[in-house]
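Listed here are the chains, written in short residue letters.
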Amino acid sequence: MTGSRTPSLRTRGLGVRFGAFAAVTDVDLTLEPGARQALIGPNGAGKTTLINLLTGVLRPTSGSIHLGDRDITPLSCDRRARIGLARTFQINTLFPSLTPLSSIVLAICERDGLASTWWCPLRRMTPVYDEAHALLGRLKLDALADTPVSALAYGKQRLLEIALAMAAKPRILLLDEPAAGVPEDESGELFEVISELPQDISILFIEHDMNLVFRFSRRISVLVSGSVLTEGTPRDIAANPRVREVYLGTAGAAHG
Amino acid sequence: MKALTIPRDWLPWVEALFWLALACSFFLMPDKLTLLSQILIFGLFAVSLDMALGYAGILTVGHAAFFGMGAYAAGLLARHGWAEPFSGLLLALIVCALLGYLLSYLVVRGADLTRLMITIGVCVLLAELANRLGGITGGTDGLQGIEMRPVFGRFAFDLWGRTAFFYSFGVVLAMFLVVRRVLHSPFGLALRGIHDSRKRMLAIGSPVEARLRLAYCFSAAVAGVAGALLAQTTQFVGIESIGFNRSAEILIILVLGGTGRLYGGMAGAIVYMLVHDVFADIDPQFWMFWLGIFLIAAVMLGRGGIMGMLSRLVATRGAK
Amino acid sequence: EEALRIGLIATYSGPYADYGRQFDAGVALYLKEHGGKIAGRKVEIVKKDTAGPAPDAAKRFAQELVVRDKVKVLTGLDFSPNAYAVGAIATQAKVPTIVMNAASSAITSSSPYVARLSFTVQQVTDPMARWMLKQGVKEAYTVVADYASGQDAETAFKKAFTAGGGKVVGEVRTPMSNPDFSAYVQRIKDGKPQAVFFFFPSGVMPPAFLKVWKERGMDEAGIKLFATGEATDDSFLEATGDVALGLVTSHHYSYAHPSAKNRKFVKDFEAQFGTAMRPNYFAVTAYDAMAAIDLALAKTQGDVSGDKIMEALKGLAFESPRGPVEIDSATRDIVQTVYIRKTERAGGKLVNAEFDKFDRVKDPAKEGS
Amino acid sequence: MAIVLFDGVAYGMLLFLIGVGLSITMGLMNFVNLAHGAFAMAGGYAASLAMQHWGLGFFPALALAFIAAAVIGAGLEFLFFRRLYRSHPLDQVLLSIGVVFVSISVTTYLFGPSMQAFSLPPSLDGRVKLLGLELGRYRLFLIASGLVVLAALLLALNKTRYGAMVRAAVDNQRVAAGTGIHVQRLFFLTFSFGCGLAGLGGALSLGLLGLEPSFALKYLIYFLIVVCVGGAGTISGPFLAALLVGIVDVAGKYYLPGAGAFLVYVVMVLTLLVRPHGLIPRKGLA
Amino acid sequence: MAEMLAFDALSAGYGNAVVLDRLSFSLNEGQSLAVLGRNGVGKTTLLETLMGHTRVMSGEIRWRGQPITRLAPHQRVRAGLGWVPQEREVFPSLTVEENLLVVARRGPWNLRRVYALFPRLQERRGNYGNQLSGGEQQMLAIGRALMTNPRLLLLDEPMEGLAPIIVEELARAIRALGEREGLACIVVEQHPVLALSMTNRAIVLERGTLVHSGDSAGLAEDTALLHRLLGVGIEEDLEVAAA
Ligand SMILES: Nc1ncnc2c1ncn2[C@@H]1O[C@H](COP(=O)(O)OP(=O)(O)OP(=O)(O)O)[C@@H](O)[C@H]1O
Ligand SMILES: Nc1ncnc2c1ncn2[C@@H]1O[C@H](COP(=O)(O)OP(=O)(O)OP(=O)(O)O)[C@@H](O)[C@H]1O
Ligand SMILES: CC(C)C[C@H](N)C(=O)O
Ligand SMILES: [Mg+2]
Ligand SMILES: [Mg+2]
C-alpha cells in the first residue's frame, strides 16, 4: 500500500459513552482507498457502535472522524450518506411496505438528488428503473422485484440490505454482518459481488464468519471492549494468541 | 373470499369513472347539492390530512388549524372588499403554506404522541386566538357579511347551490390531481420510505426532516384551500372551522376511508357524510348511536378503512 | 289541503341536546293545544340536527329545507353562529325565520327576514346592572365565559353599570372549557369586591362555579353574587343543587312565573312530558314562536309569502306564559319584561322566584343606533 | 401563595385520577383508547345513580364505579377491543370513537341529556383549617386518593412480574405468546383494570366536574395531555404531568387571568419541544 | 423409543400462501433435529408453525402423543416447547434481567444458570433489550427460551451473529444438555456442518417439502449428498467444525 495516498476514512481518538458505560474508547481507525477491511471482535465489543459513530447515527463523546481531508464529525447522518458513506444494518432495516424495486429506485433517487422532485411522475424516470433492475439482477433479486419486502424470506432481505447500500454508489461501504442469515454458497457469492466493486470504494465489514473474513479481507482490525486490540493482515491476526483467546477460539486454526 | 382481479392498466379509467360519477351526482341528487359540495370539500380536506398522516406519517389531530386559517383568509379577503373567488383560494393557499412551513419545524421532530399533542396544542391555540380576536374574526358568533362575487364574473352563488357545486367540484378535482401527481413522484415515494423506516432513509442520505417539512407544508396548503372553499361556498366562517373537534372529525373521516391510499379521504368523506346525513334525517336525536355502530362495524369488518376493504376485494394484476 | 311545513334547525344531539328537546316540547305543546294546526292548516315540522354550533351545517340544512322540503318558515336556531349563517338563506330565499334562542344582538339586523322571540344577552344583562345599582351596589367584578355571548354580557354590564355611577373593579373571562374555577374565585376573594356579576352559558359551568363559590365561603366573606338567568336555568337547577340557593339572577322567563297563563302552560307541559323535564326559556320561546306564526298567518289570512309574514310579525304583541311580549316593528327583535329572581326552595324544589321586574325592555344594544 | 399551590395540586390530582387509567390502556398497552372518557363516564354515572337511587354512600359508590367501568370495559374488550390490539393505531382510533359515540347516545337515551345531580357527603364538604390555611376537604381527599392510587400502581407495575409481562406482551405479542405468556388473558385483565381506574376517576371527579353524556369526549384533551406530556407507558410520568398542568393552570389563572386558555397549551407545547418523549420517557424505547 | 414430535402431512403458511406442503416427519424422545435448506424454503415457517404462529391448512402436529395443532402458542410453551425466534426479538422495553424473569417457569434453568452460560448477559443485566449488541440479543433470546425450561428447544439460526468462540461454547453446551439433561432441540442453521454436529437427525427442505431425512452423522459424512442438497462448498466449513 502506498503511504502517500490520503486515507479515505480516518478516526482520531473516537469514543462514545452510554451513561457510565464506555462502549467505544479512543479508537484510531484508518481506512485506505480501496480497502477491504474486516472489523472483528467479541459480541458487545462495540463494532456496531463504531459503525453508528462513523455514519452519524450516534454522536461521539470524544474524538473526530475525517473523510479524506474533511472533518465530518459534525455532519448529520444523511449528509454523510450523501457524500458517499453507505451502510447496511445488522438487524434488517428495510421498507417493509415497498417492493425491492421501488426501494432501490428510492435509493437511487435520493442519491441523484431527485427525491425532492414532486412535479414529475416516477414512471417517467426510465434510467432509474433500468439501473435498479440491473442492480437487483446482480444480487439475484430480480425475480422478487415486485414482492412486498415484508413477505421476503430473511435471507433475501439481507441481500436487499446490501443492494440498498450499493445503490448509493458509495465511496465507503460499511457492512454490518452482511452475510448473517445468508446461506453459505450465497454468502460466498455475495462477497464476490462486494469485492468486485470498483477498487476506489473502501469497504469495512463486520463479520463473525471467519471463512468470509479470511477469504475477503486484506486487513483486519480487532476490537475488544471498545478499543482496538490489534490490526494487521489476516495472517497476523490468525496467528495472534490474544485474538484466539478472546475471539477466535479454535476457528482461526484453519487460517493460521 | 376470492378477490376480483382487474388489470392495472384499467386503474386510470376507474379513477375517471369515479370523478364522472361524482359529477353526475349533480343530476342524481339535485336537491342535495350543498351536501355534495361539502362532501367534496371535506374530501379534499381529508386528502390533505392524508398527505401528512398517511404519507408523511405525521400523526396530527390539529389539521383544522390550516382548514380554519384558509377559511378565515378567504373570508376576510372577501369581507374586506376583494370578493373574487379564485384570489381567495390563492391567498388561503399561500397563507397556509407559509403557516404550515413554519409549524413544520415544531412538528417534524419527536415521536408520534408528541406530534399528536403539539398539533392539538397549536390548533387549540389558534382557535383561542380566533376567539380573542373577535373584532376581526367575529369570535364564536362567526365571520359574517361575506358576499362572494360570481365565479368567472358570470356564475353567481345561488340558493340551490349549483354554482357552489361546480365551483367546488372543479377546484377539488384540480387540487386532487396536483396531490396525486405529488404522491406519484419521487417525492411521494420518499414519503412512503420515511413512513416505513426513517432510519433507513437517513442511511440512504435522505434529509428526512426537510422532506417531511415540505410534505407538511403541501398538506397545509391543500387544507387551506379546502377551508377557503367552505368559507366561500357558505359565505360564512364559524370558529368551529379551526377547532379541535373539526380536526378530530376529519381524522375519523380519513381513517374510515383508509390512510395512505390517495382515495381514502374522498371515500371516507362520501361515506361518512352520507351515512351521517341519512341517520340524522331518520333520527335527529340518536343518529350518533347509529353512526357509532357504523364505525365499529366498519373497523370490525375490515381494517384499513374502506379503501383497505376494497383493496382486499379487488386485486390488480399486470405490469407496473 | 297541503300541510304547512316548518323547518326546525336545532341541537338534538351531543352536549347541548337539551336545547332541541326543549324546543320540540314547546312546539309540540302548542300544536297539541291547537289540534295540530296553525291558522287552520295542518303543520309538519321538519327537524334538522346541527349537534351544536355548526354554521356550515346549519346553512346547508336551511338551504335543503327551503329548496327540497319547501318549508315556509325556518325556526329553531339555538346558537348565534347558526342563526347568522341561516340569515343569509332567509334573505336569499325570502323565507321568514324566527329565532328561538340565539342571543347575539346583531342577528336580526343581519337579515330583514329574521325575527327573534327569545332575548339578547344585553337585554337581560342591562336590567341586572341597573337593579344592582338600585340595591346600592357600587363596585362590581365581572366574570364571563370567554365567547361572544360572554363578551356581550361583559360589555352590556359595564356600560349600564358605569352609566349608573357604578364602578367595575375587576373583570375576568374564563375559557369555555374550564373544569376548575378555584383560581378565579380565590382571586376574587383576595380582591374583596363588593359584588360579583357573572355570565355563563347554561350547563356545567354555573354549578362548577357555584360549588367553588360555596367551598371558599364567599358568602361568609360578604361578597354578593349576581348573574343572568342562564346560571339557574330551570333545566339544570335541580342538578345544580343547594349551591344555587339565594343567587339573584335576571331573566325573561322562570318556570315559577306566577301568572295564570304560565301555570296552565306548566301544567299542560307536565301532563304531556312528565315532571322529569321542566320547561325552561327554550321551551317557552318555542311555544311562543308557534303562537307568533299562528298570529301572523291569521293576519295575512293564510298567505305564506315571506314578505307578508314578516310584515305581519312586525309589531305583533301577545300574551306569553312569560308575560306580555311584542315584536319591535323596527328591529324585529323582542320587547319583553325582564324579571329579577332569587333561587329558593319551594315545595321541595329549587325554583327561580321572581320578586322584581323591568317592563318592556328592548335590546339595549340596538337602542339609539 | 400556598392556597393557589394547594388548589393546583388538588386539580392536578383530579386530572391524574381520571387520566391514569389511560396511561394503562394507552400508555402501557399501546391501545389508542379514545373511549377512556366513556369508561370514566360510566363510573361517574354508576356512582351517581347508586347514590341517588339506592342511597349508597360515597365510598361504596366509588368501589361500585370501579367495578361497573371494569365490567363494561371487560365486555367491550371481549367483543371488540381484543381484535384490534395488533391493528394500526388509527383503526383503534376509529373503534374507540365509535364506542364514544354509542356511549354518548346510550347515556343520553337512558339518563337524559342534562347534568346529573350530585352532592358531596358531609364529611367531604366544606373546609378545614390546616397550617393556617383554609383547605377544601374534598380537595384534600382528592390529593390523598391520588397518592394512594399512585403508590398502588407503582408497586403493582414496577415491583411485580405482572408489569413486566404487560410490557413484554405489548412489545411483541407474538414472541410473548411464544415464550409462554397468556397474552389474551393478560390484556383482558389489564384493559379491564384500566377501564376500572377510569371509572374510579370519573366517580371521583363528581365533586368538581359536572356529569353529563358529553363527559365522554369533553375531557379527552386533558387525558391525552396527562399521558403524553407525562410519557406514555409510565405511571410517575402522568403523575408529574398532571401536577404540572394542575399547578400551571391554577397559578396561571390566578396570576395571569388574561392568559386564560393559552397558558396550559403553551406550556404543553414547550414541554414537548424540550422533552419530546414526555417528562419521564418510557425506558427501552429508542 | 417413544415418539416425541410428529408432523403428519402438515400444510401451513401465511394468509392464502402455502409455505409448508404436506410435510411429514417424526422425532423420538431425546433426539435432536437439524433442519436444513436454502433461503426461503420454509425453515422458519416450520418452527413458527410448531409454535402456532402460522395458519395450518391441513394435517396434524403431535407432541408426546397429543395433537397440539390447535393449541395457542402459550399453551405449547407450557407443554414444553422453547422458542428462539430468528430475528431474536428480545423485548426492547425490558431489561436483560426482566427479559429472562418475565418468562421464567419452574425447572432446572434459572437466572444463575443462564448467566453462567452467558456471562456477557450478566454484565449487561441492566441494559434494555434495545441497548444490546446483536450478539448479546442472540444470547438473550437463547437464555430466555431456556428460562421457560422446555423439553424441546427450537433454535432458529441461533449462531447468527455470535463470535466464533461463543459459537463453539454454545454448540458444546447444547450437545451437553441433550446428553446430560435430555433437552432435545431442533436447530435451523445455514451452516450445515455445525448443525449436523449438534444433532442426531436431519431433514432437508426444499420449497416447503421434505427432500431428505436421515441421520445427522450420515449426512455430514456424505459430502456429495450435502453438496447436491444444499449446494454448499463445505470443505472449509468442515474444518471449522471439526477443529
Ligand atoms: N443505547 C445503549 N445504552 C447502553 N449500552 C449500549 C447501548 N447500545 C449499545 N450498548 C452496549 O454497547 C456495547 C457495544 O455494542 P455493539 O452493538 O457496538 O457491539 P458489537 O461489537 O456490534 O457486538 P455484536 O458482534 O454482538 O453485534 C454492548 O455491550 C451493548 O450492550
Ligand atoms: N409473513 C409472511 N407473509 C407471507 N409470506 C411469508 C411470510 N413470511 C415468510 N413468507 C414466505 O414464506 C417462505 C418461507 O419463508 P421462511 O422464512 O420460512 O424461510 P426460511 O427457510 O426460514 O428462510 P431463511 O433461511 O431466509 O430464514 C418464503 O418464500 C417467504 O417469502
Ligand atoms: C345556547 C346558548 C349557549 C347560545 C348562546 N347564547 C348564543 O347565542 O350563541
Ligand atoms: Mg453488532
Ligand atoms: Mg428463516
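Here, every reference points to the structure presented above.
So, here is what we can say about the structure in this document. (Residues numbered from 1 in each chain as written. Chains lettered and ligands numbered in written order. Predicted model: local features only at pLDDT ≥ 70, side-chain atom pairs only at ≥ 80, totals over all residues. Heavy atoms only, no water.)

**Details of empty space enclosed by the protein**
Move 1: In total, this model carries nine cavities of 30 Å³ or more according to the counting rule given.
Move 2: Taken as a whole, the largest cavity encloses approximately 80 Å³ of empty space.
Move 3: Lining the largest cavity are 13 residues, with Lys211 of chain C together with Met115, Gln116, Leu209 and Gly210 of chain D positioned closest to its centre.
Move 4: Ranked by residue count, the leading element in the lining of the largest cavity is helix α8 (residues 205-215) of chain C, at three residues.
Move 5: A per-class count over the lining of the largest cavity returns ten nonpolar, two polar and one charged. (1 Å grid on protein atoms, 1.4 Å probe; cavity = no way out; pocket = protein on both sides within 12 Å on 5 of 7 lines; lining within 4 Å. Points joined across faces, edges and corners; volume = space filled by probe spheres on them. Helix = DSSP H or I, 4+ residues; strand = E, 2+ residues; numbered from the N terminus. Nonpolar A, V, L, I, M, F, W, Y, C, P; charged D, E, K, R; others polar.)

**Concerning the site of ligand 1**
Move 1: Residues in contact with ligand 1 amount to 22 residues; listed here are only the nearest, Lys47, Thr48 and Thr49 of chain A together with Ser133 and Gly135 of chain E.
Move 2: Around ligand 1, the neighbouring residues derive from chains A and E rather than from a single chain.
Move 3: Between ligand 1 and Ser133 of chain E there is a distance of 2.6 Å, counted from an oxygen atom to a side-chain nitrogen or oxygen.
Move 4: Within the side chain of Glu136 of chain E, a nitrogen or oxygen atom sits 2.7 Å from an oxygen atom of ligand 1.
Move 5: Secondary structure elements with two or more residues in the shell around ligand 1: β2 (21-27) and α1 (47-55) of chain A together with α6 (134-147) of chain E. (Near = heavy atom within 4 Å. Polar contact = N/O pair within 3.5 Å; in protein donor to acceptor, adjacent residues only side chain to side chain.)

**Topic: the coordination of the magnesium ion (ligand 5)**
Move 1: Taken together, the protein ligands of the magnesium ion (ligand 5) are Thr44 of chain E (OG1) and Gln86 of chain E (OE1), with distances of 1.8 to 2.2 Å. On the criterion of sequence distance, the pair formed by Thr44 of chain E in helix α1 (residues 43-51) and Gln86 of chain E in the loop between β6 (81-84) and α3 (96-101) is long-range, its members being 42 residues apart. (Donors = N, O, S within 2.8 Å, 3.2 Å for Na, K, Ca; no water.)

**Some words on the coordination of the magnesium ion (ligand 4)**
All names here are of chain A.
Move 1: Listed as protein donors to the magnesium ion (ligand 4) are Thr48 (OG1) and Gln90 (OE1); their distances from the metal cover 1.9 to 2.1 Å. Here Gln90 lies in the loop between β7 (85-87) and α3 (100-111) and Thr48 lies in helix α1, a separation of 42 residues in the sequence.
Move 2: Look at Thr48 and you get partly exposed, because its relative accessible area is 22%. (Buried < 20%, exposed > 50% of the residue type's maximum accessible area, 1.4 Å probe, protein only.)

**Looking at the sheet that holds strand β9 (residues 202-206) of chain A**
All names here are of chain A.
Move 1: The six strands lie next to each other as β7-β8-β9-β4-β10-β11, forming an open sheet whose pairing is mixed. Only two strands of the sheet have a single neighbouring strand rather than two, namely β7 and β11 (227-232). When strand polarity is set aside, the average angle formed by the axes of neighbouring strands in this sheet is 20 degrees.
Move 2: Relative to strand β10 (residues 219-224), strand β4 (residues 36-40) is paired through four bridges, and the arrangement is parallel. The partner of Ala38 across the bridge, within β10, is Ile220.
Move 3: Here helix α9 (residues 241-248) sits on the sheet and contacts β4, β10 and β11; the angle it forms with β11, its principal contact strand, is near 125 degrees. (Pairing = 2+ DSSP bridges. Axes fitted to C-alpha atoms, helices over the stretch in contact; angles between N-to-C directions. Contact = heavy atoms within 4.5 Å.)

**Things to note about unusual backbone geometry**
Residue and element names in this part refer to chain E.
Move 1: Of note in this structure, Arg22 is not a glycine but carries a positive phi near 40 degrees.
Move 2: Structurally, Arg22 is set in strand β2 (residues 17-28).
Move 3: Even without being a glycine, Arg207 presents a positive backbone phi close to 45 degrees.
Move 4: Relative to the elements of secondary structure, Arg207 occurs in the loop between β9 (201-206) and β10 (209-215).
Move 5: Using a relative accessible area of 75% as the deciding quantity, one classes Arg207 as exposed.

**Quick look at the arrangement of the chains**
Move 1: The protein chains that touch form six pairs of chains, and the pair with the most contacts between them is chains B and D.
Move 2: The two units chain A and chain C are non-contacting; their minimal C-alpha-C-alpha distance is 34 Å.
Move 3: Looking at chain C next to chain E, you find no contact at all, with the nearest C-alpha pair sitting 36 Å apart.

**Thoughts on the interface of chain D and chain C**
Interfaces are frequently sized by the accessible area removed from exposure as the parts join.
Move 1: Across the boundary between the two partners, chain D contributes 31 residues, which contact 34 residues of chain C.
Move 2: Across the interface of chain D and chain C, roughly 2700 Å² is buried in total on both sides, 56% from carbon and sulfur atoms.
Move 3: In terms of surface lost to chain C, no three residues of chain D exceed Met115, Lys253 and Tyr254 of chain D, which account for 23% of the buried area on that side.
Move 4: Between Glu215 of chain C and Arg139 of chain D there is a salt bridge, with the nearest N and O atoms lying 3.1 Å from each other.
Move 5: Between the two partners, chain D and chain C, sit eight residue pairs in polar contact (both at pLDDT 80 or more).
Move 6: Listed by contribution, the elements that provide at least two residues to the side of chain D that touches chain C are α1 (2-28) and α11 (236-255) of chain D.
Move 7: Broken down by element, the residue count for the side of chain D that touches chain C peaks at four residues, all from α11 of chain D.
Move 8: A breakdown of the residues in the side of chain D that touches chain C according to their chemical character gives 17 nonpolar, seven polar and seven charged. (Buried area = accessible area lost by both parts, 1.4 Å probe. Salt bridge = Lys/Arg side-chain N within 4 Å of Asp/Glu carboxyl O.)

**What to know about the interface of chain B and chain D**
Move 1: The interface is formed by 38 residues belonging to chain B together with 39 residues belonging to chain D.
Move 2: Across the chain B/chain D interface, buried area totals approximately 3400 Å², and carbon plus sulfur atoms make up 85% of it.
Move 3: Across the chain B-chain D interface, the total number found is zero salt bridges.
Move 4: Inspection of the chain B/chain D interface yields four residue pairs in polar contact (both at pLDDT 80 or more).
Move 5: Of all the elements in the fold, those that place two or more residues in the side of chain B that touches chain D are α5 (112-132), α11 (244-257) and α13 (287-301) of chain B.
Move 6: Considering only residue class, the side of chain B that touches chain D consists of 27 nonpolar, seven polar and four charged.

**Topic: the pattern of salt bridges**
Move 1: Overall, the coordinates contain 65 salt bridges over all chains when judged by the stated rule.
Move 2: Here Asp7 of chain D and Arg216 of chain C are joined by a salt bridge, their closest N and O atoms 2.5 Å apart. Separated into two different chains, Asp7 of chain D in helix α1 and Arg216 of chain C in the loop between α8 and β10 (224-228) make up a pair that spans both.
Move 3: Among the residues examined, Arg216 of chain C registers a relative accessible area of 4% and is labelled buried.
Move 4: A salt bridge links Glu98 of chain E to Arg167 of chain D; its shortest N-O distance comes to 3.0 Å. Linking Glu98 of chain E in helix α3 with Arg167 of chain D in helix α6 (residues 161-171), this pair reaches from one chain into another.
Move 5: Judged by relative accessible area, which is 12%, Arg167 of chain D ranks as buried.

**Thoughts on the sheet that holds strand β2 (residues 37-38) of chain C**
Residue and element names in this part refer to chain C.
Move 1: The six strands are arranged β2-β3-β1-β4-β5-β6 in an open sheet whose pairing can be described as mixed. Because the sheet does not close on itself, it has two edges, and the strands there are β2 and β6 (114-116).
Move 2: Pairing analysis gives three bridges linking strand β4 (residues 73-76) to strand β5 (residues 97-99), with the strands arranged parallel. In the strand pairing of β5, Thr75 is matched with Ile98.
Move 3: With respect to the sheet, helix α1 (residues 17-33) is in contact with β1 (4-10), β2, β3 (41-49) and β4, its orientation differing from that of β3 by roughly 175 degrees.

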